[in-house]
Amino acid sequence: MTADLSTAKLNPDSTFILQHLFTAILYVDGSLTIRWLNAQAEQLLAISSGRLRGQSILSLLAPDELTLKDSLINNNREDKTCALTERFSQAKHYQQPFIDHDHLIHTQLNGGLSLSVDYSVTPVSDEQQPYFIIEMWGKDRQSRISEEQRQQQQYSVARHMLRSVAHEIKNPLAGIRGAAQLLQRQFIKFNEFSAIVNENLNVADENNLKKNAAKLRSYTDIIISETDRLTQLIGQLLGSHQLPNWQMLNIHEPLEHVLALIIHQYPDVVLQRDYDLSLPELCADKDQLIQVFLNLMNNACESMTEFEQTLQQNTPATFGNFPSAIAQKHSDINDNYQPKLHIQTRVVFQHTIGSLQHKQVLQITITDNGSGIDDALIGQIFFPMVTNRAAGTGLGLSIVQDIISRHHGMIDVSSKQSQGFSGSFKSHYQHNQTRFTLYLPFSQPSADR
């Protein structure tokens, strides 16, 4: 009796185990109808279990084949061109599993979302009835996680190197500034002494002496101001050493705080809010999140403002040799350009950040219709000193990435740029879109709560 109890404890319910696997599992009967799937399969395919159960597996893996098969059945015909159906039949007959790599799933069951997967099919028998166990692995998800981990390592190495260099520069800068201040004081004393000694100088010589003194004073002022500027830049490179002030907050509070500033600074920008008001509270540093949102939204608004100016400046030059009607049409389109900033908050389930799988995370997307980010920069945009703006320092997004990393989150960016004029003049700007997507866990492992 004791042995039976211990065996029962060591053999938990198989469904419980399958529901907690990272691998997507589907259970299919002999007629290729989906009978069961685990939570990871729902997440991978973006289809609910209730909608998928009872559907043919061909609706996922080979919808064209399913349509052809239905047509043949309706016409009382048989055909051997249904390749996947035949593979299932052979696997059942010979009890031989098979694997398919880089398979593209494109089905209307999830709104036409395309998904690249590897999957395996294992034939099994349960109570003398044939079934298939299908395991799926998302190629997009795996490659995304690998790319994110690689980029995170690169960002960490780059920031560590820059901080090391910044520390080496910081101390000499303090010495240079101190020496310039001492030199400035000596000039002041020297001028006072010269004024006493040379009381009998004529007016011209006295004026020359004052000009030389002023010139030397301006040199020391330049040294001091430039060392102050470099010290401030190095301070930004080093980042804040203050530990995050963890607190429970509603994510919409820092967002609305920043949006109030944006509205005042950029009154022509149209704000579009798409909030999920049912979101749970988040454990985060409110001030640091405000800095993140302020950097991202300021960049977005500056990009849209610059893009609008570019459209206006390019109209005469681009269409100088075109008929006036065409130029007028393009001018009207430029006048209709409206800078838009779209903010969205959502919950994302079963999301991987780094090496951790989270049951749910907060997703914040900030989208603008400005000039976009060049393809050559998109993979380096979070590195320090990288910028696509003439007046930019290249530190804003690096600081954003650093703060998000401290919150054990991640940030992603995508950008679409219109390539000249194609189809209609409106395509010059309507397809421009830059989107920053932030993922933050709702709880922090290092927070004392």
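Residues numbered from 1 in each chain as written. Predicted model: local features only at pLDDT ≥ 70, side-chain atom pairs only at ≥ 80, totals over all residues. Heavy atoms only, no water.

Chemist: Is there a simple way to explain the pairing of strand β10 (residues 356-368) in this structure?
Modeler: Moving residue by residue along a regular strand, the side chains alternate between the two faces of the sheet. Bridge count between strand β9 (residues 340-353) and β10: 12 bridges; the pairing is antiparallel. Residue pairing for β10: H351 is matched across the bridge by H358. Pairing of β10 with strand β12 (residues 433-441), which is carried by 8 bridges, proceeds in the antiparallel orientation. Opposite L362, over in β12, you have L440 as the bridge partner. (Pairing = 2+ DSSP bridges. Helix = DSSP H or I, 4+ residues; strand = E, 2+ residues; numbered from the N terminus.)

Chemist: What is the right way to look at the sheet that holds β9 in this model?
Modeler: Hydrogen bonds between backbone atoms are what pair the strands of a sheet, whose relative direction is either parallel or antiparallel. Taken in spatial order, the 5 strands line up as β7-β9-β10-β12-β11 in an open sheet, and their pairing is mixed. The open sheet has two edge strands with one neighbour each: β7 (270-274) and β11 (410-416). Going across the sheet, the axis of each strand differs from the next one's by a mean of 20 degrees, ignoring polarity. As paired strands, β7 and β9 are joined by 5 bridges and run parallel to one another. (Axes fitted to C-alpha atoms, helices over the stretch in contact; angles between N-to-C directions.)

Chemist: Sorry if this is basic, but what is going on with helix α10 (residues 252-265) here?
Modeler: Since there are 3.6 residues in each turn of an α-helix, residues three or four apart along the chain are aligned in direction. Between its first and last C-alpha atoms α10 spans 20 Å; for 14 residues at 1.5 Å apiece the expected length is 20 Å, and the two agree. Buried residues of α10: H252, P254, L255, V258, L259 and I262, and no others. Mapping the buried residues of α10 onto a view down its axis gives an arc of 155 degrees, with all of them on the same face. (Expected span 1.5 Å × (residues − 1). Buried < 20%, exposed > 50% of the residue type's maximum accessible area, 1.4 Å probe, protein only. Arc of directions from axis to C-beta.)

Chemist: Can you walk me through the environment of L259 in this structure?
Modeler: Along the chain, L259 turns up in helix α10. L259 gets classed as buried once you look at its relative accessible area, which sits at 1%. Each C-alpha atom, one on L259 and one on N298, is 10.0 Å from the other, the two residues being 39 residues apart in sequence. With residues up to four places along the chain from it excluded, the contact list for L259 reads L271, R273, Y275, M297, L341 and I343. (Contact = heavy atoms within 4.5 Å.)

Chemist: Which parts of the structure should I look at to understand the confidence of the model for the protein chain?
Modeler: Low pLDDT marks stretches whose predicted atomic positions should not be read closely. Here the protein chain averages 79 in pLDDT, and 72% of its residues register 70 or above. Taken together, the stretch residues 419-428 has pLDDT below 50 and engages in 19 contacts with residues farther than four places along the chain or on a different chain. (pLDDT = per-residue confidence, 0-100.)

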